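Each chain is listed here by its residues.
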Amino acid sequence: MGKFGWKAQFATLEEFVAAACANEIGLGNPRMTQAKPMVRGGYPDVTPDLDAKQFRALVSFVDTLPRPAMLIPSLPRERDKAAKGERVFHSVGCAACHVPDMGGVEGVYSDFMLHRLDDPSKSSAKYGGRETVEVPLPEAHPLPAEWKTPLLWGVADSAPYFHDGLSATLEAAIRRHHGDAETVLERYSALPESDRAALLGFLKTLKAPADAKSVEKAPRTDVAQAR
């Protein structure tokens, strides 16, 4: 069981960064080569894009990124609403998996464990409307329907939600909590509208780092502009 990755498959930050570089953006590195096409045999090895010094520098940079924090509203009414929402968060059972403090770190809101959240009334063998091929998994390997409880710190600024990014809002994400979280969803659904709104208000206090810079959009280039 690791701390990083949707399947809790990486024990160290170095492993996580190596896999993210190789699989997400195609940057081969000393720890992991680029992913090779499965339909083409004999695909040649290529020189890593990042050398050992560059890779260590990248890991060090990621390791020093500021942590998210709770931003308490300045208006008394909104502050009271968020405080009420935090109490509701605990009372309905959200904190059973989204544990506020873990391993001496405050405000992570995760147990770092694997859980099933799929709707038991629907087949979990389908993904994106297509049947997935059943492949024998190694012993203790995470099942396709199992996902690590995501950290909630910074959740107010990290939409869309879930591993597939199909939940555009916090409310939509909560509504997808089935499987192991079915009873919690039932309690949430039975709440008065004011309590549900308060819970969402609390989640919106879990903000990205205040000094995090927004990513500037690159200037658009298309055929018309090229002409």
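Note that the coordinates shown come from a computational prediction; the quantities given were computed from them, not determined experimentally.

Colleague: Run through the overall build of the protein, naming residues and quoting values.
Modeller: Per the secondary structure count, the protein includes seven helices and six strands. Listed N to C, the secondary structure of the protein is α-α-β-α-β-β-β-β-α-α-α-β-α in terms of helices and strands. Considering only intrachain contacts with a sequence separation of at least 6, the fraction spanning at least 24 residues in the protein is 60%.

Colleague: Tell me about the packing of helix α1 (residues 13-24) against helix α2 (residues 52-63), and name the residues and values.
Modeller: The N-to-C vectors of α1 and α2 enclose an angle of 115°; their axes lie 10 Å apart at closest approach. As judged from the angle between their axes, α1 and α2 are roughly perpendicular. Of the two possible hands of crossing, α1 and α2 adopt the one that is right-handed. Mapping the contact onto sequence places Leu13, Glu14, Val17, Ala18 and Cys21 in α1 and Phe55, Leu58, Val59, Val62 and Asp63 in α2. Split into classes, the residues belonging to the contact of α1 with α2 amount to eight nonpolar, no polar and two charged.

Colleague: Quick rundown of the pattern of salt bridges? Include the residues and the values.
Modeller: Evaluated as defined, the whole model comprises six salt bridges. Between Lys84 and Asp195 there is a salt bridge, and its shortest N-O distance comes to 2.9 Å. On the criterion of sequence distance, the pair formed by Lys84 in helix α3 (residues 76-91) and Asp195 in helix α6 (residues 193-203) is long-range, its members being 111 residues apart. Classification of Asp195 as buried rests on a relative accessible area of 15%. Between Glu171 and Arg175 there is a salt bridge whose closest N-O contact spans 2.8 Å. With Glu171 and Arg175 both in helix α4 (residues 170-175) and four residues apart, this pair spans about one turn of that helix. Bridged by salt links that share partners, the residues Glu14, Glu15 and Arg31 form one connected network.

Colleague: I'd like a description of the state of the cysteines, backed by residues and values.
Modeller: Going through the model one piece at a time under the given rule, you end up with zero disulfides. A disulfide-free cysteine, Cys97 has its sulfur positioned 9.3 Å from the sulfur of Cys94, the nearest such atom.

Colleague: Pulling in residues and values, what's your account of the packing of aromatic side chains?
Modeller: Taken as a whole and assessed by the stated rule, the structure comprises six aromatic pairs. Between the aromatic rings of Trp6 and Trp147, the centroid separation amounts to 6.5 Å while the plane-to-plane angle is 85°, which identifies the pairing as edge-to-face. With Trp6 in the segment before α1 and Trp147 in strand β5 (residues 146-148), this pair connects stretches of sequence that are 141 residues apart. An aromatic cluster is defined as three or more aromatic residues linked by ring pairs; in this entry it consists of Phe4, Phe10 and Phe16. One Lys or Arg, Lys7, reaches over the ring of Trp147 and ends 3.8 Å from the middle of that ring.

The rules behind these values
Residues numbered from 1 in each chain as written. Predicted model: local features only at pLDDT ≥ 70, side-chain atom pairs only at ≥ 80, totals over all residues. Heavy atoms only, no water. Helix = DSSP H or I, 4+ residues; strand = E, 2+ residues; numbered from the N terminus. Contact = heavy atoms within 4.5 Å. Axes fitted to C-alpha atoms, helices over the stretch in contact; angles between N-to-C directions. Parallel < 35°, antiparallel > 145°, perpendicular 65-115°, else oblique. Left-handed = near helix turned anticlockwise from the far one by under 90°. Nonpolar A, V, L, I, M, F, W, Y, C, P; charged D, E, K, R; others polar. Salt bridge = Lys/Arg side-chain N within 4 Å of Asp/Glu carboxyl O. Buried < 20%, exposed > 50% of the residue type's maximum accessible area, 1.4 Å probe, protein only. Disulfide = S-S within 2.5 Å. Phe/Tyr/Trp six-rings, centres within 6.5 Å; stacked < 30°, edge-to-face > 60°. Lys NZ or Arg CZ within 6 Å of the ring centre and 35° of its normal.

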